[in-house]
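# A look at the structure
Listed below, chain by chain, are the residues.
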Amino acid sequence: MSIFIDKSSTVIVQGITGRDGSFHTKQMLEYGTRIVAGVTPGKGTLTFENAVPIFNTVADAVAATGANTSVIYVPPMFAADAILEAADAGVKLIVAITEGVPVLDMTRVYPFVKEKGARLIGPNCPGLISPGQSKVGIIPGRICTPGSVGVVSRSGTLTYEVVYQLTRAGLGQSTCVGIGGDPINGTNFIDCLAAFEADPNTKAVAMMGEIGGTDEQDAADFVKTKMKKPVVGFIAGQTAPPGRRMGHAGAIISGSAGTAAEKIAAFEAAGMGVAKRPIDFVELIKARM
Amino acid sequence: MNIHEYQAKDILRREGVPIPPGEVATTPDGAEAIARQYGGTVVVKAQVHAGGRGKAGGVKLAKNPGEAKELASKILALHIKGLPVQKVLVTPAADIASEAYVGIILDRASKKPVFMVSPAGGIDIEEVAAKTPEKILKLPIDTRYGLQPYQASRLGFFLFDDVKKVRAAAKIMQQLYSAFMKSGCSLAEINPLVTTASGDVVALDAKMVIDDNELDRLPDIAALRDESAEAPSEVQARNANLTFIKLDGNVGCVVNGAGLAMATMDLVKFYGGDPANFLDIGGSSNPEKVVNALKIITEDPNVKAILFNIFGGITRTDDVANGIVTATKQNPLKVPIVIRLTGTNEEIAMKILQENGFSASSDMDEAVKKAVELAKGGKAA
């Protein structure tokens, strides 16, 4: 078992003929993901790599294949439209990899997706992977191995680092989700924690947060009041200066709010394990499983 | 991206917000000429991308043109939070009866722009929020519908009792909202919004922060960037498509990915060192980026050791290795370098590095410890 995606997930790639879209579609196919369609307006008669039919619109792709998931690799100025199109076509899980989406666009997209009853992951995220079953996005498949640790993170390469350490220590993963580093994203830590709590195959959760906002503090409160499974947390940006955007649009300490210290204190108050270094996840999770 | 007060005021004036005139000077003589043209008392205000200008001595009242010249010369010599003041705005002093605060911020929790207004203006709004939260009205706006007239009016009534002033304020709310949306802001602020002795409602200061992700589709806004007001190393990094933030330590860090870059800085601190910078070379692995990254880092005289931490996913570690070799051939390093890389094409990368006399490890903790040790002048383990 896993959360959000499994081997039955049928996936559309929006932007399949682009540089990133085509590269990662090949990687996903290699991993075993059921890619059933691609969408690129104007290329609706072609087939990708002799394996995946391409459609002009998401609505056409859904009508022909019944896909329930979409992954988006279109350029940032077209990402909002692509998400709206997927939600309007009835896709239930939309994963937006695109980095650099204007935040004001997301203020229109987010309520629309909610009203359509779809789940959006991202934007500006590496996507997700349920090891051995399916990967939707760009997380390298070879660093993961099936198991019972749920992983959720705001970052990309930091997630890889932790997953790599877990795998090396023999701790496999149920699902790894990158929720993205933008200030407004579709899925937050609590959404993922709730799904991991309900997933019978997840035994413990590793959570990687960073400075900025209050998502981690809210998550800590959720762990304390709603979860039985153990959660170990890490916050990146303990040495970040206030008022500066640390790469991710959302990684910024505003005034005195959103510091690493305040998030770590919330983790401790919730009785969570606190990893001081990425490597600490291994021992802290082993001790709790 | 930050823009200056005078630029934000220009944007708001175009929307119709009542703002007293003002002109920018880069020399004391220029400031004097502007003050002479206005006559009477003027305010001389530093144009710099840093908060707390007033407390730093960057905002002064001048009673006559001579005094304006003298004060401008002092302000133009200031550094506020490390940034040099290169321009001053000279504007006639207003006859202030009351000061209010009006702002819009992109709020992460509600996922909407939120209006924040307070009759207690002119001071730090965070302080008002902490001490007297009842003096602030917060109103989230659904951008699909925009700011409705009833909402603008409610905001106005929170600030004023007099209906004429309420109407004037409501109109300014609409104009500010329009500017916020058109300019791709993450923050737009009028602080203070004042009433004058004659009963007019006027904006005396303006601040706008633009969402960097908007700049590609807003060329007119992007053109407002003032590179002379930013740290030179950060300008150089941005032009090379790198995300760089200078810090005070001595371990120069080159990392791929923002989260891992922050975690690497934290680990440097954990092992007793101090990071010299945040630097994210991003997801693609163009060797040119590595060359530029090394160039920027080695220009910082504080850097005593360089640490590479690369986790290859999309980034190919052999590209990074080639970048390191090319860069160090062009400009031989004067400080030690520690390289950690793992992931995509790791074996090829290790071979390239070894053939060129570099050693590399695949363990993050080991590499960070070594870099901290070397920066302190010690021997590598």
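Worth saying up front: this structure is predicted, and the values here are computed from it rather than measured.

## Here's the deal with the environment of Asn292(B)
Considering the arrangement of structural elements, one finds Asn292(B) in helix α10 (residues 287-298). Every residue in contact with Asn292(B), bar those within four places of it in the chain, is listed here: Ala240(B) and Leu242(B).

## Overview of the packing of helix α1 (residues 5-15) of chain B against helix α6 (residues 163-182) of chain B
Residues and elements named next belong to chain B. Where α1 meets α6, the axes come as close as 9 Å, and the angle between the chain directions of the two elements is 120 degrees. Judged by the inter-axis angle, α1 sits oblique to α6. Considering how the two elements wind past one another, α1 and α6 form a crossing that is right-handed. Of α6, the residues touching α1 (which contributes Ile11, Leu12 and Glu15) are Gln175, Leu176, Ser178 and Ala179. Broken down by class, the residue content of the contact of α1 with α6 amounts to 4 nonpolar, 2 polar and 1 charged.

## Description of the domain arrangement of chain A
Residues and elements named next belong to chain A. Partitioning chain A into structural domains gives domain 1 (10-121) and domain 2 (139-288). Summarising the inter-unit geometry, the C-alpha centres of domain 1 and domain 2 are found 26 Å apart. On the side of domain 2, 9 residues touch domain 1, which itself brings 10 residues to the contact. Elements with a minimum of two residues in the side of domain 1 that touches domain 2: α4 (103-115) and β7 (119-121). Top contributing element to the side of domain 1 that touches domain 2 by residue count: α4, with 5 residues. Here the side of domain 1 that touches domain 2 is built from residues that sort into 8 nonpolar, 1 polar and 1 charged.

## A look at the environment of Thr214(A)
Residues and elements named next belong to chain A. Residue position: Thr214 is located in the loop between β12 (204-210) and α7 (215-226). Given 16 C-beta atoms within a 10 Å radius, Thr214 is considered partly exposed. Taking the C-alpha atoms as reference points, Thr214 and Ala96, separated by 118 residues in sequence, lie 22 Å from one another.

The rules we used
Residues numbered from 1 in each chain as written. Chains lettered and ligands numbered in written order. Predicted model: local features only at pLDDT ≥ 70, side-chain atom pairs only at ≥ 80, totals over all residues. Helix = DSSP H or I, 4+ residues; strand = E, 2+ residues; numbered from the N terminus. Contact = placed C-beta atoms within 7 Å. Axes fitted to C-alpha atoms, helices over the stretch in contact; angles between N-to-C directions. Parallel < 35°, antiparallel > 145°, perpendicular 65-115°, else oblique. Left-handed = near helix turned anticlockwise from the far one by under 90°. Nonpolar A, V, L, I, M, F, W, Y, C, P; charged D, E, K, R; others polar. Domains from an automatic or database assignment. Buried ≥ 20, exposed ≤ 12 C-beta atoms within 10 Å, placed from the backbone.

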